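The primary structure of each chain is shown beneath.
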Amino acid sequence: MISYLKARGTYVLFNSNGILLNEKRGQALIDAGLDEYRLSMDGATREVYAHVRGVDAFDKIWRNVRAFVAMQRAQDACKPAVSLWFTAMRENLQDLPKLIDLASDAGIKEVYMQRLVYFEEGLAASKQSLFRRAAREELELVRRCEETCRERGITFSAAGTTTPVQSLVRDFGERPWSGCRRPYTLTYITSSGNVLSCCFAPFGHKSAKEYKEERVLGNVFQEPIAEIWQGERYQSFRSAFESDHPARHCSQCGLNWSY
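Draft legend 1. A look at the sheet that holds strand S4 (residues 110-114). Within the open sheet, the 5 strands sit side by side as S1-S2-S3-S4-S5. Their pairing is parallel. Bordering the open sheet on either side are strand S1 (13-16) and strand S5 (155-158), each of which pairs with just one other strand. The average undirected angle you get between the axes of adjacent strands in this sheet is 25°. Inspection of the sheet shows strand S3 (residues 81-87) paired to S4 by 4 bridges, in the parallel sense. For Phe 86, the partnering residue across the bridge sits in S4 and is Met 113. Helix H5 (residues 96-106) contacts S3, S4 and S5 of the sheet and is inclined by roughly 170° relative to S3.

Draft legend 2. Inspection of the packing of aromatic side chains at higher detail. Going through the model one piece at a time under the given rule, you end up with 10 aromatic pairs. Aromatic side chains Tyr 49 and Phe 58 sit 6.2 Å apart centroid to centroid with 50° between the ring planes, which places their arrangement in the tilted category. Across the pair, exposure class does not vary: Tyr 49 and Phe 58 are buried alike. When the centroid spacing of 6.1 Å and the interplanar angle of 80° are considered together, the rings of Tyr 234 and Phe 237 count as edge-to-face. Placement of both Tyr 234 and Phe 237 in helix H11 (residues 232-242) is noted, with a separation of 3 residues, approximately one turn of the helix. Judged on exposure class, the residue Tyr 234 and its partner Phe 237 are both buried. Pairwise contacts between aromatic rings join Phe 14, Tyr 37 and Phe 68 into one cluster.

Draft legend 3. The arrangement of the nonpolar core in detail. Formed by 46 residues in total, the largest nonpolar core has its most connected members in Met 41, Trp 62, Leu 84 and Leu 96. Breaking this core down by element, the ones donating at least two residues are helix H2 (23-32), strand S2 (36-40), helix H4 (58-75), S3, H5, S4, helix H6 (136-152) and helix H7 (164-169). In terms of residue count, H4 provides more of this core than any other element does, 7 residues in total. Ignoring sequence-local partners within four residues, the contact set of Leu 96 consists of Phe 86, Met 113, Leu 141, Cys 145 and Phe 156. Core analysis: the second largest hydrophobic core is formed by 20 residues, Phe 131, Phe 200, Phe 241 and Cys 253 among them.

Draft legend 4. Representation of H2 in the model. Listing the buried residues of H2 in full gives Gly 26, Leu 29, Ile 30 and Ala 32. On its buried face, H2 is in contact with helix H1 (2-6), S1, S2 and H4. Measuring from the side-chain oxygen of the N-cap residue of H2 to the backbone nitrogen of Lys 24 gives 3.3 Å; that N-cap residue is Asn 22. Downstream of H2 by a residue or two, Gly 33 has a phi angle that is positive, lying close to 85°.

Draft legend 5. Fine view of the packing of H4 against H5. In contact at an axis separation of 10 Å, H4 and H5 are set at 35° when each is read in the N-to-C sense. Residues Phe 58, Trp 62, Arg 66, Val 69 and Arg 73 of H4 lie in contact with H5, whose contacting residues are Leu 99, Leu 102, Ala 103 and Ala 106. When grouped by side-chain class, the residues that make up the contact of H4 with H5 number 7 nonpolar, no polar and 2 charged.

Draft legend 6. The pairing of S2, seen in detail. Judged by how many residues are buried, S2 sits mostly within the fold: 5 of 5 residues are covered. Every second residue of S2 is oriented toward a common face, with Glu 36, Arg 38 and Ser 40 on one face and Tyr 37 and Leu 39 on the other, all of them buried. Bridge count between S1 and S2: 4 bridges; the pairing is parallel. Opposite Asn 15, over in S2, you have Arg 38 as the bridge partner. Taken together, S1, H2 and S2 constitute a β-α-β crossover, and its handedness is right-handed.

Draft legend 7. Layout of the packing of H5 against H6. Between H5 and H6, the shortest axis-to-axis distance is 10 Å and the interhelical angle comes to 15°. Viewed along their axes, H5 and H6 adopt a mutual orientation that is roughly parallel. Regarding H5 and H6, the two cross each other, and that crossing is right-handed. Facing H5, whose interface residues are Leu 96, Pro 97, Ile 100, Asp 101 and Ser 104, H6 presents Leu 141, Cys 145, Thr 148, Cys 149 and Arg 152. Here the contact of H5 with H6 is composed, by residue class, of 6 nonpolar, 2 polar and 2 charged.

Parameters at a glance
Residues numbered from 1 in each chain as written. Predicted model: local features only at pLDDT ≥ 70, side-chain atom pairs only at ≥ 80, totals over all residues. Heavy atoms only, no water. Pairing = 2+ DSSP bridges. Helix = DSSP H or I, 4+ residues; strand = E, 2+ residues; numbered from the N terminus. Axes fitted to C-alpha atoms, helices over the stretch in contact; angles between N-to-C directions. Contact = heavy atoms within 4.5 Å. Phe/Tyr/Trp six-rings, centres within 6.5 Å; stacked < 30°, edge-to-face > 60°. Buried < 20%, exposed > 50% of the residue type's maximum accessible area, 1.4 Å probe, protein only. Core = buried A, V, L, I, M, F, W, Y, C linked by side-chain atoms within 4.5 Å. Polar contact = N/O pair within 3.5 Å; in protein donor to acceptor, adjacent residues only side chain to side chain. Nonpolar A, V, L, I, M, F, W, Y, C, P; charged D, E, K, R; others polar. Right-handed = clockwise from strand over helix to strand, strands pointing away. Parallel < 35°, antiparallel > 145°, perpendicular 65-115°, else oblique. Left-handed = near helix turned anticlockwise from the far one by under 90°.

Right under this line is the structure:
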């Protein structure tokens, strides 16, 4: 799939938990020309990782990642760029400094702190959110991590359009969703072919009816993506987005979490 896309001039990346990143698969990713490999890592210890992710694979993942980065160095392969993606919540924020140490030791030069998008299930709960709820000591921890990354030459960013600290404190005003550019710049396609506005859209709906009628904007197995992108349903979604009454999953962005 990666080779197919690269042959057509597409920039290709994906997120992974790293569990299956063995030598054979790693070599295949290098050979296929993958542009970015984003490692999801939500803890800096075996215990915290297992608690957040629900699988006891921390040690295996780091063996895989270190071996992959070493293989890239041995081959002088600059692609894929390996980055670490951390979903910040009260449960694991204390692990962030050590996680940066792990990234630095492994030769990973990009670390991203993602917002927690919650829908009141498991750890995806409002009480875990740091957005506009972070205590002074929590913000100070993130600031120290920003300084550590600057000293070590690591890029430390938020997943959205700002810095990690700003992503936790900024106020989006009366129309908090309005700064998001996803309705005009990208789309999200599920394995069943459903076209959604972004990667948040599959979560938090209250019924199958809401998901189908408000969130699904088309299906690529039924019509071409260009027709969906320019079609009536997508245009109606964008018009609502530009009004004071966007789709429910859009109205929560910038209010319950930072985009």
